[in-house]
Amino acid sequence: MSKIVKQTQDELKDIIITAVKDAVSGGALPEAELPDFIIEKPADKKNGDFSSNIAMAGARAFHMAPRAIAEAIVSNLKLGDTLFERAEIAGPGFLNFYLSDEYYSRILVDVVESGDSYGRSDYGKGKKVIVEFVSANPTGPMHIGNARGGAIGDCLASVLDAAGYDVWREFYVNDAGNQIEKFATSLEVRYLQLCGKDIELPEDAYHGSDITEHAKNFFDINGDKYAEAESKVRRDALVDYALPINIQGLERDLGKYRIEYDNWFKESSVHNDGSVQRVIDALKEKGVTYEEDGALWFKASEFGNDKDIVLVRANGLPTYIVPDIAYHYNKLITRGFDKAIDVLGADHHGYVPRMKAALTALGIDADRLDVVIMQMVRLVRDGETIKLSKRSGKAITLNTLLEEIPIDAARFFFNLREPNSHFDFDLELAAKQSSENPVYYVQYAHARICSILRRAAENGTEIKAPSKEELALLNSDEERELISHLSALTDEIVSAAKNYDPAKITHYVTQLATLFHKFYNAHRVMGEEEGLERARLYLCTAVKNTIKNILTMLKIDAPEAM
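A brief structural summary. (Residues numbered from 1 in each chain as written. Predicted model: local features only at pLDDT ≥ 70, side-chain atom pairs only at ≥ 80, totals over all residues. Heavy atoms only, no water.)

### Some points on the nonpolar core
So, point 1. Of all hydrophobic cores here, the largest spans 143 residues; its most connected members are Leu 160, Tyr 257, Phe 414 and Phe 425.
So, point 2. With twelve residues, helix H22 (residues 530–553) is the largest single contributor of residues to this core.
So, point 3. Setting aside residues up to four positions removed in sequence, Phe 425 forms contacts with Val 377, Arg 378, Leu 379, Val 380, Ile 405, Ala 410, Phe 413, Phe 414 and Ala 430.
So, point 4. Judged by nonpolar contacts, the second largest core, of 35 residues, contains Ile 280, Val 322, Val 352 and Met 355. (Core = buried A, V, L, I, M, F, W, Y, C linked by side-chain atoms within 4.5 Å. Buried < 20%, exposed > 50% of the residue type's maximum accessible area, 1.4 Å probe, protein only. Helix = DSSP H or I, 4+ residues; strand = E, 2+ residues; numbered from the N terminus. Contact = heavy atoms within 4.5 Å.)

Following this line, the structure appears as C-alpha coordinates:
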(Lines give C-alpha, C1' and ligand atoms only; values in the text may rest on other atoms or scores of the structure.)
Protein backbone atom coordinates (compact mmCIF):
# COMPACT_ATOMS: atom_id res chain seq x y z
CA MET A 1 0.00 0.00 0.00
CA SER A 2 1.02 3.63 -0.26
CA LYS A 3 3.54 4.41 2.46
CA ILE A 4 1.26 7.18 3.73
CA VAL A 5 -1.72 4.79 3.93
CA LYS A 6 0.47 2.23 5.73
CA GLN A 7 1.75 4.86 8.16
CA THR A 8 -1.81 6.04 8.77
CA GLN A 9 -3.11 2.55 9.51
CA ASP A 10 -0.17 1.90 11.84
CA GLU A 11 -0.81 5.22 13.58
CA LEU A 12 -4.51 4.39 14.00
CA LYS A 13 -3.69 1.01 15.51
CA ASP A 14 -1.41 2.71 18.06
CA ILE A 15 -4.12 5.32 18.79
CA ILE A 16 -6.70 2.60 19.50
CA ILE A 17 -4.34 0.49 21.65
CA THR A 18 -3.35 3.56 23.69
CA ALA A 19 -7.02 4.52 24.19
CA VAL A 20 -7.87 0.98 25.39
CA LYS A 21 -4.95 1.01 27.84
CA ASP A 22 -5.97 4.45 29.13
CA ALA A 23 -9.58 3.26 29.50
CA VAL A 24 -8.38 0.29 31.54
CA SER A 25 -6.08 2.37 33.76
CA GLY A 26 -8.89 4.90 34.27
CA GLY A 27 -11.36 2.18 35.27
CA ALA A 28 -13.68 2.59 32.26
CA LEU A 29 -12.70 -0.90 31.08
CA PRO A 30 -11.72 -3.92 33.21
CA GLU A 31 -8.28 -5.52 33.04
CA ALA A 32 -8.17 -7.98 30.14
CA GLU A 33 -5.90 -9.18 27.38
CA LEU A 34 -6.17 -6.94 24.32
CA PRO A 35 -8.16 -8.81 21.65
CA ASP A 36 -7.18 -9.05 17.97
CA PHE A 37 -9.03 -6.48 15.92
CA ILE A 38 -9.10 -5.20 12.36
CA ILE A 39 -8.85 -1.81 10.72
CA GLU A 40 -10.36 -1.44 7.27
CA LYS A 41 -11.63 1.08 4.76
CA PRO A 42 -15.45 1.13 4.70
CA ALA A 43 -17.14 0.68 1.33
CA ASP A 44 -19.39 3.66 2.10
CA LYS A 45 -17.57 6.92 2.87
CA LYS A 46 -20.44 7.86 5.22
CA ASN A 47 -18.94 5.31 7.60
CA GLY A 48 -15.67 7.17 7.82
CA ASP A 49 -12.29 6.82 6.16
CA PHE A 50 -11.28 3.91 8.39
CA SER A 51 -13.28 1.74 10.73
CA SER A 52 -12.43 -0.78 13.45
CA ASN A 53 -14.26 -3.67 15.12
CA ILE A 54 -12.24 -3.35 18.37
CA ALA A 55 -15.42 -2.97 20.50
CA MET A 56 -17.11 -6.09 19.11
CA ALA A 57 -13.85 -8.06 19.22
CA GLY A 58 -13.41 -7.12 22.90
CA ALA A 59 -16.91 -7.97 24.10
CA ARG A 60 -15.94 -11.41 25.45
CA ALA A 61 -12.63 -10.28 26.96
CA PHE A 62 -14.10 -7.22 28.71
CA HIS A 63 -17.48 -8.84 29.52
CA MET A 64 -19.23 -5.70 28.32
CA ALA A 65 -21.61 -4.68 25.55
CA PRO A 66 -19.71 -3.53 22.42
CA ARG A 67 -21.41 -0.13 22.51
CA ALA A 68 -20.21 0.51 26.08
CA ILE A 69 -16.67 -0.57 25.12
CA ALA A 70 -16.77 1.77 22.14
CA GLU A 71 -17.86 4.70 24.33
CA ALA A 72 -15.03 4.00 26.78
CA ILE A 73 -12.48 3.91 23.94
CA VAL A 74 -13.77 7.09 22.25
CA SER A 75 -13.68 9.02 25.53
CA ASN A 76 -9.99 8.13 25.85
CA LEU A 77 -8.92 8.81 22.24
CA LYS A 78 -6.15 11.36 21.79
CA LEU A 79 -6.34 12.58 18.19
CA GLY A 80 -4.31 15.78 18.55
CA ASP A 81 -1.21 15.86 16.31
CA THR A 82 -2.48 12.79 14.40
CA LEU A 83 -3.87 12.38 10.90
CA PHE A 84 -7.39 11.92 12.30
CA GLU A 85 -9.80 14.71 13.19
CA ARG A 86 -12.64 12.77 14.84
CA ALA A 87 -14.18 9.38 15.61
CA GLU A 88 -17.79 8.27 15.81
CA ILE A 89 -19.60 5.21 17.12
CA ALA A 90 -21.93 3.47 14.66
CA GLY A 91 -24.43 0.63 15.00
CA PRO A 92 -23.66 -1.92 17.70
CA GLY A 93 -20.22 -0.46 18.34
CA PHE A 94 -18.19 0.09 15.18
CA LEU A 95 -15.63 2.88 15.53
CA ASN A 96 -15.48 5.10 12.46
CA PHE A 97 -12.52 7.43 12.05
CA TYR A 98 -12.35 10.52 9.85
CA LEU A 99 -9.09 11.80 8.38
CA SER A 100 -7.78 15.31 8.68
CA ASP A 101 -6.71 17.68 5.90
CA GLU A 102 -3.10 16.75 6.65
CA TYR A 103 -3.65 13.16 5.47
CA TYR A 104 -4.85 14.19 2.02
CA SER A 105 -2.02 16.68 1.71
CA ARG A 106 0.57 14.04 2.52
CA ILE A 107 -0.91 11.64 -0.06
CA LEU A 108 -0.60 14.26 -2.80
CA VAL A 109 2.95 15.14 -1.88
CA ASP A 110 3.88 11.44 -1.82
CA VAL A 111 2.36 10.86 -5.29
CA VAL A 112 4.11 13.83 -6.89
CA GLU A 113 7.47 13.38 -5.17
CA SER A 114 7.55 9.64 -5.92
CA GLY A 115 7.34 10.44 -9.64
CA ASP A 116 7.49 7.43 -11.95
CA SER A 117 8.05 5.06 -9.00
CA TYR A 118 4.66 5.82 -7.45
CA GLY A 119 2.66 2.61 -7.11
CA ARG A 120 5.72 0.35 -6.94
CA SER A 121 6.41 -1.67 -3.80
CA ASP A 122 8.67 -4.40 -2.41
CA TYR A 123 5.77 -6.77 -1.73
CA GLY A 124 7.38 -9.56 -3.82
CA LYS A 125 10.72 -9.27 -1.99
CA GLY A 126 12.62 -9.88 -5.22
CA LYS A 127 11.41 -13.48 -5.61
CA LYS A 128 12.23 -14.88 -9.05
CA VAL A 129 9.12 -15.44 -11.16
CA ILE A 130 8.97 -16.73 -14.73
CA VAL A 131 5.86 -15.89 -16.75
CA GLU A 132 5.40 -18.07 -19.82
CA PHE A 133 2.73 -16.83 -22.20
CA VAL A 134 1.49 -17.04 -25.79
CA SER A 135 3.83 -19.96 -26.67
CA ALA A 136 1.85 -20.36 -29.89
CA ASN A 137 2.72 -23.28 -32.15
CA PRO A 138 5.18 -21.90 -34.71
CA THR A 139 3.29 -23.65 -37.48
CA GLY A 140 1.27 -20.62 -38.53
CA PRO A 141 0.29 -17.05 -37.64
CA MET A 142 -1.03 -16.12 -34.20
CA HIS A 143 -4.79 -16.06 -33.75
CA ILE A 144 -7.06 -13.92 -31.58
CA GLY A 145 -6.59 -16.16 -28.51
CA ASN A 146 -2.85 -15.56 -28.71
CA ALA A 147 -3.56 -11.83 -28.90
CA ARG A 148 -5.45 -11.99 -25.61
CA GLY A 149 -2.82 -14.24 -24.01
CA GLY A 150 -0.08 -11.86 -25.10
CA ALA A 151 -1.75 -8.81 -23.56
CA ILE A 152 -2.64 -10.64 -20.33
CA GLY A 153 0.75 -12.30 -19.91
CA ASP A 154 2.80 -9.20 -20.68
CA CYS A 155 0.71 -6.93 -18.44
CA LEU A 156 0.74 -9.53 -15.66
CA ALA A 157 4.54 -9.61 -15.87
CA SER A 158 4.60 -5.80 -15.60
CA VAL A 159 2.25 -5.87 -12.59
CA LEU A 160 4.43 -8.47 -10.84
CA ASP A 161 7.49 -6.34 -11.54
CA ALA A 162 5.79 -3.26 -10.03
CA ALA A 163 4.85 -5.37 -6.99
CA GLY A 164 8.51 -6.12 -6.31
CA TYR A 165 9.11 -9.47 -8.03
CA ASP A 166 12.11 -10.30 -10.22
CA VAL A 167 10.24 -11.17 -13.42
CA TRP A 168 11.34 -13.13 -16.50
CA ARG A 169 9.18 -13.34 -19.65
CA GLU A 170 9.48 -16.50 -21.72
CA PHE A 171 8.07 -17.99 -24.94
CA TYR A 172 8.10 -21.80 -25.16
CA VAL A 173 8.66 -22.72 -28.81
CA ASN A 174 6.96 -26.01 -29.71
CA ASP A 175 9.48 -26.94 -32.38
CA ALA A 176 9.09 -30.70 -31.86
CA GLY A 177 6.27 -33.22 -31.60
CA ASN A 178 2.96 -33.77 -33.38
CA GLN A 179 2.38 -30.16 -34.47
CA ILE A 180 5.70 -30.14 -36.32
CA GLU A 181 4.86 -33.49 -37.93
CA LYS A 182 1.55 -32.06 -39.15
CA PHE A 183 3.41 -28.93 -40.33
CA ALA A 184 5.83 -31.13 -42.28
CA THR A 185 2.97 -33.10 -43.86
CA SER A 186 1.18 -29.92 -44.91
CA LEU A 187 4.34 -28.42 -46.45
CA GLU A 188 5.25 -31.69 -48.16
CA VAL A 189 1.86 -32.09 -49.85
CA ARG A 190 1.78 -28.46 -51.05
CA TYR A 191 5.34 -28.79 -52.37
CA LEU A 192 4.63 -32.05 -54.20
CA GLN A 193 1.51 -30.49 -55.75
CA LEU A 194 3.76 -27.72 -57.13
CA CYS A 195 6.02 -30.46 -58.50
CA GLY A 196 3.03 -31.81 -60.45
CA LYS A 197 2.13 -34.68 -58.13
CA ASP A 198 -1.55 -35.59 -57.87
CA ILE A 199 -1.85 -35.69 -54.09
CA GLU A 200 -4.48 -34.36 -51.70
CA LEU A 201 -3.95 -32.44 -48.49
CA PRO A 202 -5.32 -34.44 -45.53
CA GLU A 203 -8.38 -32.97 -43.82
CA ASP A 204 -6.56 -32.59 -40.50
CA ALA A 205 -3.54 -30.85 -42.05
CA TYR A 206 -2.99 -27.08 -42.13
CA HIS A 207 -4.98 -25.51 -44.96
CA GLY A 208 -3.86 -21.91 -44.48
CA SER A 209 -2.44 -19.75 -47.25
CA ASP A 210 0.81 -19.41 -45.27
CA ILE A 211 1.57 -23.11 -45.92
CA THR A 212 1.03 -22.65 -49.65
CA GLU A 213 3.26 -19.57 -49.62
CA HIS A 214 6.10 -21.40 -47.82
CA ALA A 215 5.89 -24.31 -50.28
CA LYS A 216 5.95 -21.93 -53.26
CA ASN A 217 8.95 -19.99 -51.96
CA PHE A 218 10.77 -23.26 -51.24
CA PHE A 219 9.94 -24.45 -54.76
CA ASP A 220 11.17 -21.15 -56.25
CA ILE A 221 14.51 -21.72 -54.50
CA ASN A 222 14.90 -25.48 -55.02
CA GLY A 223 12.65 -26.34 -57.95
CA ASP A 224 11.69 -30.05 -58.00
CA LYS A 225 15.01 -31.06 -56.42
CA TYR A 226 13.22 -32.80 -53.52
CA ALA A 227 10.35 -34.29 -55.56
CA GLU A 228 11.90 -37.75 -55.69
CA ALA A 229 13.86 -37.55 -52.42
CA GLU A 230 13.05 -39.73 -49.41
CA SER A 231 10.09 -38.35 -47.54
CA LYS A 232 12.11 -37.70 -44.37
CA VAL A 233 14.77 -35.79 -46.29
CA ARG A 234 12.11 -33.73 -48.06
CA ARG A 235 10.13 -33.04 -44.87
CA ASP A 236 13.25 -32.05 -42.92
CA ALA A 237 14.32 -29.68 -45.68
CA LEU A 238 10.88 -28.05 -45.80
CA VAL A 239 10.66 -27.66 -42.02
CA ASP A 240 14.25 -26.39 -41.76
CA TYR A 241 13.29 -23.74 -44.32
CA ALA A 242 9.84 -22.70 -43.07
CA LEU A 243 10.06 -23.05 -39.27
CA PRO A 244 12.76 -20.38 -38.69
CA ILE A 245 10.74 -17.98 -40.87
CA ASN A 246 7.65 -18.61 -38.73
CA ILE A 247 9.54 -18.19 -35.46
CA GLN A 248 11.07 -14.97 -36.75
CA GLY A 249 7.56 -13.87 -37.72
CA LEU A 250 6.25 -14.61 -34.22
CA GLU A 251 9.05 -12.54 -32.72
CA ARG A 252 8.41 -9.69 -35.17
CA ASP A 253 4.64 -9.66 -34.66
CA LEU A 254 4.87 -9.85 -30.87
CA GLY A 255 7.47 -7.08 -30.93
CA LYS A 256 4.99 -4.94 -32.87
CA TYR A 257 2.53 -5.76 -30.07
CA ARG A 258 5.15 -4.35 -27.64
CA ILE A 259 6.04 -7.72 -26.19
CA GLU A 260 9.72 -8.42 -25.69
CA TYR A 261 10.72 -11.77 -24.20
CA ASP A 262 13.77 -12.42 -22.06
CA ASN A 263 14.07 -15.84 -23.64
CA TRP A 264 12.69 -18.00 -26.44
CA PHE A 265 13.01 -21.54 -25.08
CA LYS A 266 12.91 -24.30 -27.71
CA GLU A 267 11.18 -27.58 -26.91
CA SER A 268 13.79 -29.37 -29.04
CA SER A 269 16.45 -28.38 -26.48
CA VAL A 270 14.99 -30.67 -23.77
CA HIS A 271 15.07 -33.53 -26.28
CA ASN A 272 18.59 -32.77 -27.45
CA ASP A 273 20.19 -32.32 -24.01
CA GLY A 274 18.72 -35.54 -22.60
CA SER A 275 16.24 -33.85 -20.24
CA VAL A 276 13.29 -35.82 -21.62
CA GLN A 277 15.00 -39.15 -20.99
CA ARG A 278 16.15 -38.00 -17.53
CA VAL A 279 12.53 -37.24 -16.56
CA ILE A 280 11.45 -40.71 -17.69
CA ASP A 281 14.32 -42.33 -15.79
CA ALA A 282 13.64 -40.26 -12.64
CA LEU A 283 9.96 -41.25 -12.58
CA LYS A 284 10.94 -44.90 -13.07
CA GLU A 285 13.46 -44.71 -10.20
CA LYS A 286 10.79 -43.27 -7.89
CA GLY A 287 8.58 -46.27 -8.61
CA VAL A 288 5.70 -44.26 -10.00
CA THR A 289 5.53 -45.86 -13.44
CA TYR A 290 4.34 -49.19 -14.84
CA GLU A 291 4.15 -50.88 -18.23
CA GLU A 292 0.91 -51.88 -19.90
CA ASP A 293 0.15 -52.76 -23.53
CA GLY A 294 3.76 -51.97 -24.43
CA ALA A 295 3.49 -48.38 -23.17
CA LEU A 296 5.05 -46.75 -20.10
CA TRP A 297 2.47 -45.19 -17.77
CA PHE A 298 2.81 -42.65 -14.94
CA LYS A 299 0.73 -43.32 -11.80
CA ALA A 300 -0.70 -39.80 -11.92
CA SER A 301 -3.86 -40.91 -10.09
CA GLU A 302 -1.73 -41.38 -6.95
CA PHE A 303 -0.81 -37.67 -7.09
CA GLY A 304 -4.17 -35.96 -7.50
CA ASN A 305 -4.92 -36.53 -11.19
CA ASP A 306 -8.16 -38.26 -12.17
CA LYS A 307 -6.35 -41.02 -14.10
CA ASP A 308 -2.94 -42.35 -15.02
CA ILE A 309 -1.22 -41.03 -18.13
CA VAL A 310 1.00 -42.47 -20.85
CA LEU A 311 4.59 -41.27 -20.79
CA VAL A 312 6.03 -43.37 -23.62
CA ARG A 313 3.89 -44.91 -26.37
CA ALA A 314 4.24 -48.54 -27.50
CA ASN A 315 6.26 -47.25 -30.48
CA GLY A 316 8.88 -45.87 -28.08
CA LEU A 317 8.06 -42.19 -28.61
CA PRO A 318 7.38 -39.97 -25.57
CA THR A 319 3.98 -38.27 -25.36
CA TYR A 320 3.76 -34.45 -25.36
CA ILE A 321 3.57 -34.32 -21.56
CA VAL A 322 7.15 -35.57 -21.07
CA PRO A 323 9.01 -32.63 -22.67
CA ASP A 324 6.58 -30.31 -20.84
CA ILE A 325 7.52 -31.93 -17.52
CA ALA A 326 11.19 -31.56 -18.46
CA TYR A 327 10.60 -27.89 -19.31
CA HIS A 328 8.94 -27.17 -15.96
CA TYR A 329 11.73 -29.03 -14.15
CA ASN A 330 14.16 -26.79 -16.03
CA LYS A 331 12.29 -23.66 -14.88
CA LEU A 332 11.91 -24.58 -11.23
CA ILE A 333 15.02 -26.65 -10.51
CA THR A 334 17.69 -26.12 -13.17
CA ARG A 335 17.18 -22.36 -13.40
CA GLY A 336 15.82 -21.98 -9.87
CA PHE A 337 12.79 -19.77 -10.32
CA ASP A 338 10.75 -19.47 -7.13
CA LYS A 339 7.50 -19.50 -9.07
CA ALA A 340 6.49 -20.51 -12.59
CA ILE A 341 3.33 -18.93 -14.01
CA ASP A 342 1.82 -20.31 -17.22
CA VAL A 343 -0.87 -18.39 -19.11
CA LEU A 344 -2.87 -21.05 -20.94
CA GLY A 345 -6.09 -21.37 -22.92
CA ALA A 346 -9.35 -22.75 -21.54
CA ASP A 347 -8.67 -26.14 -23.18
CA HIS A 348 -5.81 -26.71 -20.70
CA HIS A 349 -7.94 -27.35 -17.59
CA GLY A 350 -6.98 -31.04 -17.56
CA TYR A 351 -3.31 -30.22 -18.22
CA VAL A 352 -2.85 -28.49 -14.86
CA PRO A 353 -3.47 -31.48 -12.51
CA ARG A 354 -1.37 -33.70 -14.79
CA MET A 355 1.60 -31.34 -14.62
CA LYS A 356 1.24 -30.79 -10.87
CA ALA A 357 1.06 -34.56 -10.33
CA ALA A 358 4.32 -35.04 -12.25
CA LEU A 359 6.09 -32.28 -10.32
CA THR A 360 4.93 -33.76 -7.00
CA ALA A 361 6.17 -37.21 -8.05
CA LEU A 362 9.56 -35.67 -8.83
CA GLY A 363 9.73 -34.16 -5.33
CA ILE A 364 8.96 -30.59 -6.41
CA ASP A 365 6.42 -28.49 -4.53
CA ALA A 366 3.58 -28.28 -7.07
CA ASP A 367 2.42 -24.98 -5.52
CA ARG A 368 5.43 -23.38 -7.18
CA LEU A 369 3.54 -23.74 -10.48
CA ASP A 370 0.54 -21.49 -10.97
CA VAL A 371 -1.58 -21.55 -14.11
CA VAL A 372 -3.72 -18.68 -15.35
CA ILE A 373 -6.53 -20.19 -17.39
CA MET A 374 -7.70 -17.78 -20.07
CA GLN A 375 -11.11 -18.04 -21.70
CA MET A 376 -11.65 -17.51 -25.40
CA VAL A 377 -12.51 -14.24 -27.12
CA ARG A 378 -15.45 -13.54 -29.42
CA LEU A 379 -14.91 -10.81 -31.97
CA VAL A 380 -17.96 -8.62 -32.42
CA ARG A 381 -18.76 -6.13 -35.18
CA ASP A 382 -22.11 -4.34 -35.58
CA GLY A 383 -23.40 -6.42 -32.69
CA GLU A 384 -22.72 -9.64 -34.61
CA THR A 385 -20.18 -12.31 -33.68
CA ILE A 386 -17.54 -12.86 -36.37
CA LYS A 387 -17.31 -16.59 -37.08
CA LEU A 388 -14.22 -17.54 -38.98
CA SER A 389 -12.48 -20.89 -39.20
CA LYS A 390 -8.89 -21.28 -38.07
CA ARG A 391 -8.37 -24.42 -40.18
CA SER A 392 -9.56 -22.80 -43.40
CA GLY A 393 -6.99 -20.08 -42.96
CA LYS A 394 -9.58 -17.33 -42.63
CA ALA A 395 -9.15 -16.69 -38.90
CA ILE A 396 -8.38 -13.16 -37.77
CA THR A 397 -4.71 -13.14 -36.82
CA LEU A 398 -2.87 -10.86 -34.43
CA ASN A 399 -1.56 -8.96 -37.44
CA THR A 400 -4.95 -8.42 -39.07
CA LEU A 401 -6.39 -7.33 -35.71
CA LEU A 402 -3.69 -4.70 -35.29
CA GLU A 403 -4.36 -3.43 -38.80
CA GLU A 404 -7.94 -2.71 -37.77
CA ILE A 405 -7.55 -1.32 -34.25
CA PRO A 406 -4.79 0.59 -32.40
CA ILE A 407 -2.26 -1.40 -30.38
CA ASP A 408 -3.18 0.67 -27.31
CA ALA A 409 -6.79 -0.46 -27.62
CA ALA A 410 -5.88 -4.12 -28.09
CA ARG A 411 -3.65 -4.24 -25.01
CA PHE A 412 -6.19 -2.34 -22.88
CA PHE A 413 -9.31 -4.18 -24.08
CA PHE A 414 -7.83 -7.64 -23.55
CA ASN A 415 -7.21 -6.66 -19.93
CA LEU A 416 -10.70 -5.30 -19.26
CA ARG A 417 -11.89 -8.65 -17.87
CA GLU A 418 -10.21 -11.12 -15.56
CA PRO A 419 -8.48 -13.85 -17.62
CA ASN A 420 -10.93 -16.62 -16.70
CA SER A 421 -13.94 -14.71 -18.03
CA HIS A 422 -15.34 -14.88 -21.54
CA PHE A 423 -14.82 -11.68 -23.46
CA ASP A 424 -16.64 -10.07 -26.38
CA PHE A 425 -14.17 -7.84 -28.20
CA ASP A 426 -16.07 -5.01 -29.88
CA LEU A 427 -13.94 -4.03 -32.88
CA GLU A 428 -15.94 -0.85 -33.57
CA LEU A 429 -15.69 0.36 -29.98
CA ALA A 430 -11.94 -0.34 -29.85
CA ALA A 431 -11.38 1.89 -32.89
CA LYS A 432 -13.74 4.65 -31.75
CA GLN A 433 -12.31 7.98 -30.56
CA SER A 434 -14.90 8.82 -27.93
CA SER A 435 -15.50 8.56 -24.19
CA GLU A 436 -17.31 5.25 -24.82
CA ASN A 437 -13.91 3.70 -25.59
CA PRO A 438 -12.25 3.11 -22.18
CA VAL A 439 -8.64 3.44 -23.34
CA TYR A 440 -9.45 6.65 -25.25
CA TYR A 441 -11.28 7.92 -22.16
CA VAL A 442 -8.19 7.35 -19.97
CA GLN A 443 -5.77 8.79 -22.54
CA TYR A 444 -8.01 11.82 -22.95
CA ALA A 445 -7.86 12.48 -19.20
CA HIS A 446 -4.04 12.48 -19.40
CA ALA A 447 -4.03 14.74 -22.47
CA ARG A 448 -6.55 17.11 -20.85
CA ILE A 449 -4.33 17.53 -17.77
CA CYS A 450 -1.28 18.12 -19.98
CA SER A 451 -3.28 20.84 -21.76
CA ILE A 452 -4.19 22.46 -18.42
CA LEU A 453 -0.57 22.46 -17.27
CA ARG A 454 0.61 23.88 -20.62
CA ARG A 455 -1.97 26.65 -20.42
CA ALA A 456 -0.86 27.46 -16.88
CA ALA A 457 2.77 27.70 -18.01
CA GLU A 458 1.79 29.92 -20.95
CA ASN A 459 -0.03 32.22 -18.51
CA GLY A 460 3.17 32.54 -16.49
CA THR A 461 1.84 30.51 -13.58
CA GLU A 462 4.67 28.92 -11.64
CA ILE A 463 3.72 25.31 -10.95
CA LYS A 464 5.33 24.49 -7.64
CA ALA A 465 4.53 22.59 -4.47
CA PRO A 466 1.76 24.37 -2.55
CA SER A 467 2.05 25.20 1.12
CA LYS A 468 0.39 23.08 3.80
CA GLU A 469 -2.35 25.69 4.09
CA GLU A 470 -2.92 25.74 0.31
CA LEU A 471 -3.19 21.94 0.11
CA ALA A 472 -5.79 22.05 2.89
CA LEU A 473 -8.03 23.99 0.48
CA LEU A 474 -8.59 20.77 -1.50
CA ASN A 475 -11.51 19.78 0.70
CA SER A 476 -14.46 19.30 -1.67
CA ASP A 477 -16.03 15.86 -2.03
CA GLU A 478 -14.68 15.54 -5.59
CA GLU A 479 -11.14 16.44 -4.52
CA ARG A 480 -11.15 14.15 -1.49
CA GLU A 481 -12.55 11.27 -3.55
CA LEU A 482 -9.87 11.77 -6.19
CA ILE A 483 -7.04 11.86 -3.64
CA SER A 484 -8.39 8.78 -1.83
CA HIS A 485 -8.38 6.90 -5.14
CA LEU A 486 -4.80 7.98 -5.82
CA SER A 487 -3.78 6.57 -2.44
CA ALA A 488 -5.08 3.10 -3.39
CA LEU A 489 -2.79 2.45 -6.39
CA THR A 490 -0.08 0.48 -4.58
CA ASP A 491 -2.68 -1.77 -2.96
CA GLU A 492 -4.36 -2.34 -6.32
CA ILE A 493 -1.07 -3.36 -7.95
CA VAL A 494 -0.33 -5.79 -5.12
CA SER A 495 -3.87 -7.20 -5.36
CA ALA A 496 -3.51 -7.60 -9.15
CA ALA A 497 -0.19 -9.42 -8.60
CA LYS A 498 -1.63 -11.72 -5.91
CA ASN A 499 -4.68 -12.60 -8.01
CA TYR A 500 -2.85 -12.72 -11.37
CA ASP A 501 -5.42 -10.26 -12.69
CA PRO A 502 -4.16 -7.19 -14.61
CA ALA A 503 -7.81 -6.19 -15.17
CA LYS A 504 -7.72 -4.70 -11.67
CA ILE A 505 -5.32 -2.07 -13.03
CA THR A 506 -7.39 -1.15 -16.10
CA HIS A 507 -10.41 -0.82 -13.80
CA TYR A 508 -8.40 1.36 -11.40
CA VAL A 509 -7.15 3.76 -14.08
CA THR A 510 -10.57 3.98 -15.75
CA GLN A 511 -12.07 4.94 -12.40
CA LEU A 512 -9.26 7.45 -11.86
CA ALA A 513 -10.09 9.09 -15.20
CA THR A 514 -13.78 9.13 -14.24
CA LEU A 515 -13.04 10.82 -10.92
CA PHE A 516 -10.78 13.38 -12.61
CA HIS A 517 -13.42 14.30 -15.21
CA LYS A 518 -15.95 14.56 -12.37
CA PHE A 519 -13.65 16.90 -10.43
CA TYR A 520 -12.84 19.00 -13.52
CA ASN A 521 -16.52 19.40 -14.43
CA ALA A 522 -17.33 20.56 -10.88
CA HIS A 523 -14.40 22.93 -10.23
CA ARG A 524 -12.26 25.44 -12.06
CA VAL A 525 -8.52 24.95 -11.99
CA MET A 526 -7.33 28.14 -13.65
CA GLY A 527 -8.63 31.54 -12.58
CA GLU A 528 -9.12 30.70 -8.92
CA GLU A 529 -7.47 32.49 -6.01
CA GLU A 530 -3.71 31.91 -6.30
CA GLY A 531 -3.36 29.42 -3.43
CA LEU A 532 -6.30 27.28 -4.54
CA GLU A 533 -5.17 27.41 -8.16
CA ARG A 534 -1.70 26.23 -7.15
CA ALA A 535 -3.18 23.38 -5.08
CA ARG A 536 -5.45 22.25 -7.91
CA LEU A 537 -2.61 22.33 -10.42
CA TYR A 538 -0.67 20.13 -7.99
CA LEU A 539 -3.62 17.73 -7.79
CA CYS A 540 -3.78 17.65 -11.61
CA THR A 541 -0.05 16.85 -11.70
CA ALA A 542 -0.54 13.96 -9.28
CA VAL A 543 -3.35 12.50 -11.42
CA LYS A 544 -1.38 12.96 -14.65
CA ASN A 545 1.69 11.24 -13.19
CA THR A 546 -0.37 8.32 -11.90
CA ILE A 547 -2.18 7.77 -15.21
CA LYS A 548 1.14 7.88 -17.04
CA ASN A 549 2.72 5.40 -14.60
CA ILE A 550 -0.12 2.95 -15.16
CA LEU A 551 -0.25 3.29 -18.95
CA THR A 552 3.54 2.95 -19.12
CA MET A 553 3.32 -0.21 -17.00
CA LEU A 554 0.73 -1.60 -19.45
CA LYS A 555 2.90 -0.44 -22.42
CA ILE A 556 0.18 1.91 -23.62
CA ASP A 557 0.86 5.44 -24.87
CA ALA A 558 0.08 8.41 -22.61
CA PRO A 559 -0.48 11.20 -25.19
CA GLU A 560 -0.01 14.84 -24.18
CA ALA A 561 -2.47 16.06 -26.79
CA MET A 562 -5.45 14.50 -28.57
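After that view of the structure, there is still more to cover.
### As for empty space enclosed by the protein
So, point 1. Across all of its chains, the model carries one cavity of 30 Å³ or more by this definition.
So, point 2. There is about 40 Å³ of room inside the largest cavity.
So, point 3. Asp 101, Tyr 104, Ser 105, Leu 471, Ala 472, Leu 474, Arg 480 and Ile 483 are the residues that line the largest cavity.
So, point 4. Looking at the lining of the largest cavity, the element that brings in the most residues is helix H5 (residues 101–114), giving three residues.
So, point 5. Tallied by class, residues from the lining of the largest cavity come to five nonpolar, one polar and two charged. (1 Å grid on protein atoms, 1.4 Å probe; cavity = no way out; pocket = protein on both sides within 12 Å on 5 of 7 lines; lining within 4 Å. Points joined across faces, edges and corners; volume = space filled by probe spheres on them. Nonpolar A, V, L, I, M, F, W, Y, C, P; charged D, E, K, R; others polar.)

### Some points on the pattern of salt bridges
So, point 1. Using the criterion set out here, one finds 38 salt bridges in the structure.
So, point 2. A salt bridge links Lys 331 to Asp 342, with the nearest nitrogen and oxygen atoms 3.0 Å apart. Separated by eleven residues along the polypeptide, Lys 331 in helix H12 (residues 321–334) and Asp 342 in strand E11 (residues 339–345) bring together distant segments of the chain.
So, point 3. For the salt bridge of Glu 530 with Arg 534, the shortest nitrogen-to-oxygen distance reads 3.4 Å. (Salt bridge = Lys/Arg side-chain N within 4 Å of Asp/Glu carboxyl O.)

### Considering the pairing of strand E5 (residues 128–132)
So, point 1. Where burial is concerned, most of E5 is hidden: four out of the five residues are buried.
So, point 2. Bridge count for E5 against strand E6 (residues 166–173) is five bridges, and the pairing is parallel. Note that in E6 the partner of Glu 132 across the bridge is Glu 170.
So, point 3. Note on the crossover from E5 through helix H6 (residues 144–162) to E6: the handedness is right-handed.
So, point 4. Of the pairings in the sheet, the one linking E5 to E11 comprises four bridges and is parallel in character. The residue of E11 that forms the bridge with Val 131 is Ile 341. (Pairing = 2+ DSSP bridges. Right-handed = clockwise from strand over helix to strand, strands pointing away.)

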